[in-house]
Structures are given as structure tokens and as C-alpha cells.
Amino acid sequence: MDRRHLIGLALSGLALASAAHASPEKSGGGKGGYLSLPTATATVLRRDGRRGVMTVETGLDVADGALMERAQLSLPRLSAAYNEVVRIAAERLLPDAPPNVEWLVVALQHATDAILGKPGAKLLLGTVMVV
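Residues numbered from 1 in each chain as written. Predicted model: local features only at pLDDT ≥ 70, side-chain atom pairs only at ≥ 80, totals over all residues. Heavy atoms only, no water.

Would you mind showing me how to read the packing of helix α2 (residues 65–73) against helix α3 (residues 75–92) here?
Between two packed helices, the angle of one axis relative to the other and the distance separating the axes together describe the packing. Where α2 meets α3, the closest approach of the two axes is 4 Å, and the angle between their N-to-C directions is 70°. Taken as axis vectors, α2 and α3 run roughly perpendicular relative to one another. Residues A71, Q72 and L73 of α2 pack against L75, P76 and L78 of α3. Here the residues of the contact of α2 with α3 are counted per class, giving five nonpolar, one polar and no charged. (Axes fitted to C-alpha atoms, helices over the stretch in contact; angles between N-to-C directions. Helix = DSSP H or I, 4+ residues; strand = E, 2+ residues; numbered from the N terminus. Parallel < 35°, antiparallel > 145°, perpendicular 65-115°, else oblique. Contact = heavy atoms within 4.5 Å. Nonpolar A, V, L, I, M, F, W, Y, C, P; charged D, E, K, R; others polar.)

Sorry, what's going on with the pattern of salt bridges here?
When the charged atoms of two side chains lie near each other, side chains of opposite charge can form a pair. For the structure shown, the criterion picks out five salt bridges. Among the ionic pairs, D64 bridges to K118, the shortest N-O distance being 3.9 Å. With a gap of 54 residues between them, D64 in strand β3 (residues 51–64) and K118 in the loop between α4 (101–116) and β4 (121–130) connect regions that are remote in the sequence. When its relative accessible area of 42% is taken as the criterion, K118 is described as partly exposed. Measuring nitrogen to oxygen at the nearest pair gives 2.4 Å for the salt bridge that ties E91 to R87. (Salt bridge = Lys/Arg side-chain N within 4 Å of Asp/Glu carboxyl O. Buried < 20%, exposed > 50% of the residue type's maximum accessible area, 1.4 Å probe, protein only.)

Help me understand the nonpolar core, please; the structure alone is not making it clear to me.
Side chains of nonpolar character tend, in soluble globular proteins, to be buried together. Formed by 28 residues in total, the largest nonpolar core has its most connected members in M54, L60, L78, Y82, V86, L104 and L108. Contributing elements (two or more residues each) for this core: β2 (40–45), β3, α2, α3, α4 and β4. Residue contributions to this core peak at seven residues, all from α3. L104 has contacts with M54, V56, V85, V86, A89 and V128, leaving out every residue within four places of it along the chain. (Core = buried A, V, L, I, M, F, W, Y, C linked by side-chain atoms within 4.5 Å.)

I tried to follow the environment of P99 on my own but got confused; where do I start?
By secondary structure assignment, the location of P99 is in the loop between α3 and α4. The sequence separation of P99 and V86 amounts to 13 residues, and the corresponding C-alpha distance is 10.0 Å. Not counting residues within four places of it along the chain, the set of residues in contact with P99 comprises M54, L93, V128 and V130.

Written as C-alpha cells, this is what we have:
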């Protein structure tokens, strides 16, 4: 099979998948669900002076359909806010110390509520890793 055909087939499959993933209901009364966000990262300094990376996987559980639509539209703002919170957490991190996950959850939830304009989206925290 020609590579160009394979690439075209893959791109058309992605377009169909994104069209199928779009919500059929555009009204505010639709159902909510789970929204996965991009991994938030920040640079940390290690004890030996080398640089490391702190990564945080997040998602949102939204019950309200209108709030879910707003969260999907605010995805770039949420991602930027989460990266800023993770950067602040990485700056506070002492060498060879684990990250303060409790502070991270509170700060990320506060950023979520501020960007969406009201509470209702529950932050789900995945892996928090410093390498």
C-alpha cells in the first residue's frame, strides 16, 4: 500500500472519530461526562543541579451538560492554567522531596472553578510524577 494512501486513510479515520465524539445534543440540557485534559508539565531543579520534569495527568468529571460544553470550549484556558499551577508546585518542590499532592488538588480545582465561572466540574487527578 502506498504511504500517501495510508496517511489519507489514517486522517480520514481521525476525522470520523472526532465527528463521532462530538456531542449530538447542542442544547444545554445534555448529559455531562468525562473530559481528559493534556498532561501538565513543569521543569524542576534536582539536588545535583540538573533539570527534571514534573508531570501531572488530569481530567474533569462534569455532570451538567451546559458546563461540559463550556469546559470543552475552555480546554486551552484550562490547560494553560493547569500548567501554571504545576509550574508553581514545581518551584516550591524541595530537592528529593515528593510533591505536595493535597495543595496541587486544591489549586487545580480552584483554577477549574475560576475558568468555568462556577463550581460543578470535579477535578480528577491521575499520575503525579517527578523525573
